[in-house]
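Residues per chain are reported as follows:
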Amino acid sequence: MSQPDGPAELADSAARAAGRAVPDVPDAAQAGPPRRLVVLLAVSCGLTVANLYYAQPLLSELRQSFHIGSVVAGSLVTATQLGYALGLLLIVPLGDVTEKRRLATLLLSLTVGALVLAGVAPDFAVLLAASLVVGCTLTVAQILVPFAADLAPDASRGRVVGQVMSGLLTGILLSRTVGSVVAGATSWRVVYLGSAALMTVLTLVLRSALPPRPPVAVLRYGALLRSTVRLLGVHPALRRRALYQAAMFGAFSVFWTTISFVLTAAPFHYRQWQVGLFALAGAGGALIAPLAGRWADRGLVRPMTAAAFVAAAVAFGVAGVGRHSVLALGAAAVLLDMAVQTTLILGQHVVYQLDGGARARLNSAFMATFFVGGAVGSQAGSAAYHLGGWPYAAALGAALPLLALATTFRRPPAART
């Protein structure tokens with residue numbers, strides 16, 4: 001398969017032929033974005049996407065608060081991830097046709113309102129609806145990641161995206177600890193209301209600090225959505241990487257949706273704050289993100305993807321065999337998170353090279369597909385745990401990366417080049 005990016009002149013000609021605006025880029029921009037901007041984008045992505053995962057370690061407490069079963073409680077994670085998938089499909093493509101700073105601050109403002117509603121929810125149905133809206137608006141993180149990719153030159157794009165994604169992934173992993181500790185000291189409602197206050201501050205900071213970024217395409221909304229769907233048909237690499245990540249994120253969701261049930265039951269009987277401390281184990285996986293970006297820049301996408309599939313399956317094997325040992329479960333958490341983050345960074349590197357003028361739409365199709373996989377994994381994991389406990393959940397989690405690995409061997413030789 002030939003390289004998707006050609007010389008800059010050819011890319012600009014293709015963009016103009018497709019009706020996209022091609023802004024002039026000064027030579028200084030070839031050095032990439034300044035370090036402080038990369039750090040800001042990383043922190044912003046981490047703080048925003050954390051809201052998607054605060055509920056995972058709180059499911060046991062929510063079960064008691066609303067007197068619901070484990071499967072119903074697990075639907076809260078599913079609803080949030082489905083909302084995120086909807087936002088990826090319906091909102092993220094706007095990043096190609098809208099000024100990004102304005103779009104980001106609008107989405108964060110809507111997030112604040114939805115978090116306040118979740119914090120004062122009188123019943124589980126209201127909390128479920130608010131979580132759906134939160135998931136939808138938090139796709140602002142997927143506006144900021146392509147923004148970083150746009151600013152980076154080709155030679156260091158993998159590194160820059162890896163640095164921003166390390167912040168995003170750290171937010172995902174630390175969110176479980178923060179949610180558990182805060183809920184254990186106060187209540188689960190304070191988790192949502194405190195996050196609403198934090199998002200308010202972040203909205204103001206981004207509004208003043210982000211540089212203006214003009215749109216790269218001129219399309220009506222309907223045509224924009226159609227072109228997003230069309231990209232899945234045009235680029236086999238996009239379809240392949242999206243399905244790979246759907247399997248991996250499904251496995252990720254199986255583990256972290258059900259592990260709170262494991263740790264609060266026999267033989268552990270952990271309290272909420274102890275579940276949060278366990279979640280810190282997964283934070284070590286965020287260290288792999290910059291390395292994965294460098295592997296992508298060096299052309300090691302395919303072998304490291306296969307290695308990550310194997311690592312994820314091994315992680316569930318360790319978790320299944322060592323289900324009575326917190327050390328084994330912690331080691332499995334670190335290994336699984338490293339594997340999932342590796343495939344995510346490698347996948348984004350491939351996807352962002354397919355069309356420099358449609359990165360928001362490419363990211364939309366890629367992320368929406370695998371977040372659907374995550375939502376399915378959350379619900380399937382809860383159901384598997386309900387039917388057979390942790391061994392069933394671990395078996396389900398191991399099967400998903402092995403299925404993805406099997407598809408890599410079924411590709412024809414020309415597609416592997």
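Presented here is a report on the structure given in the accompanying data block. The model shown is predicted, which means the values in this text are computed figures rather than measured ones. (Residues numbered from 1 in each chain as written. Predicted model: local features only at pLDDT ≥ 70, side-chain atom pairs only at ≥ 80, totals over all residues. Heavy atoms only, no water.)

1. Considerations on the nonpolar core
Membership of the largest hydrophobic core comes to 126 residues, with the highest contact counts inside it found for L127, L168, F255, I259, L329, F371 and W390. With 17 residues, helix α11 (residues 236-264) is the single largest residue contributor to this core. Sequence-distant contacts of L168, defined by excluding residues within four places in its chain, comprise A42, C45, G46, V49, A141, Q142 and V145. (Core = buried A, V, L, I, M, F, W, Y, C linked by side-chain atoms within 4.5 Å. Buried < 20%, exposed > 50% of the residue type's maximum accessible area, 1.4 Å probe, protein only. Helix = DSSP H or I, 4+ residues; strand = E, 2+ residues; numbered from the N terminus. Contact = heavy atoms within 4.5 Å.)

2. Topic: a nonpolar patch on the surface
On the surface, L82, L86, L89, L90, L132 and Y221 cluster together to form a nonpolar patch covering roughly 490 Å² of accessible area. With four residues, helix α4 (residues 70-90) is the single largest residue contributor to the nonpolar patch. Mapped onto the elements of the fold, L86 is located in helix α4. (Patch = residues over 30% accessible without salt bridge, like charges linked within 9 Å, V, L, I, M, F, W, Y side chains within 5 Å. Areas by Shrake-Rupley, 256 points an atom, 1.4 Å probe, with all protein chains shown as cover. Salt bridge = Lys/Arg side-chain N within 4 Å of Asp/Glu carboxyl O.)

3. Some points on the pattern of salt bridges
Inspection of the entire model under this criterion finds one salt bridge. For D96, the salt bridge is made with R361, and the minimal N-O distance between the two is 2.7 Å. A residue pair is termed long-range when its members are at least 10 positions apart, and D96 in the loop between α4 and α5 (100-119) and R361 in helix α16 (residues 359-388) qualify at 265 residues. R361 shares its class with D96; the two are buried.

4. Some remarks on empty space enclosed by the protein
Applying the stated criterion across every chain, the model contains five cavities of 30 Å³ or more. What lines the largest cavity is a set of 16 residues, among which Y53, L169, I172, F249 and L344 lie closest to the centre. Those elements giving two or more residues to the lining of the largest cavity turn out to be α8 (157-185), α11, α15 (326-352) and α16. Partitioned by chemical class, the residues of the lining of the largest cavity number 13 nonpolar, three polar and no charged. By volume, the second largest cavity amounts to about 60 Å³. Along the walls of the second largest cavity sit N51, L52, Y53, Y54, A55, T80, S131, V134 and Y192, which together make up its complete lining. Tallied by class, the residues present in the lining of the second largest cavity amount to six nonpolar, three polar and no charged. (1 Å grid on protein atoms, 1.4 Å probe; cavity = no way out; pocket = protein on both sides within 12 Å on 5 of 7 lines; lining within 4 Å. Points joined across faces, edges and corners; volume = space filled by probe spheres on them. Nonpolar A, V, L, I, M, F, W, Y, C, P; charged D, E, K, R; others polar.)

5. Some remarks on the state of the cysteines
For the structure shown, the criterion picks out zero disulfides. C136 supplies the cysteine sulfur nearest to C45, a cysteine that is in no disulfide, at a spacing of 17 Å. Overall, the relative accessible area of 21% leaves C136 in the partly exposed class. (Disulfide = S-S within 2.5 Å.)

6. Observations regarding the packing of helix α2 (residues 35-49) against helix α7 (residues 141-151)
When two helices pack together, their arrangement is given by the angle between the helix axes and the distance between those axes. Between α2 and α7, the shortest axis-to-axis distance is 9 Å and the interhelical angle comes to 160 degrees. With respect to each other, α2 and α7 are oriented roughly antiparallel. Once α2 is placed against α7, the crossing between them reads as left-handed. Where α2 approaches α7, its residues L37, L41, S44, C45 and T48 are matched on the opposing element by A141, L144, V145, F147, A148 and L151. Looking at side-chain class alone, the contact of α2 with α7 contains nine nonpolar, two polar and no charged residues. (Axes fitted to C-alpha atoms, helices over the stretch in contact; angles between N-to-C directions. Parallel < 35°, antiparallel > 145°, perpendicular 65-115°, else oblique. Left-handed = near helix turned anticlockwise from the far one by under 90°.)

7. Details of unusual backbone geometry
Along the chain, A266 connects to P267 via a cis peptide bond; the corresponding omega equals 5 degrees. A positive phi is found at H67, a non-glycine position, where the angle reads about 55 degrees. Mapped onto the elements of the fold, H67 is located in the loop between α3 (59-66) and α4. Of note, the phi angle at H269 is positive, near 55 degrees, even though the residue is not glycine. The residue H269 is located in the loop between α11 and α12 (272-283) in this model. For H269, a relative accessible area of 55% translates into the label exposed.

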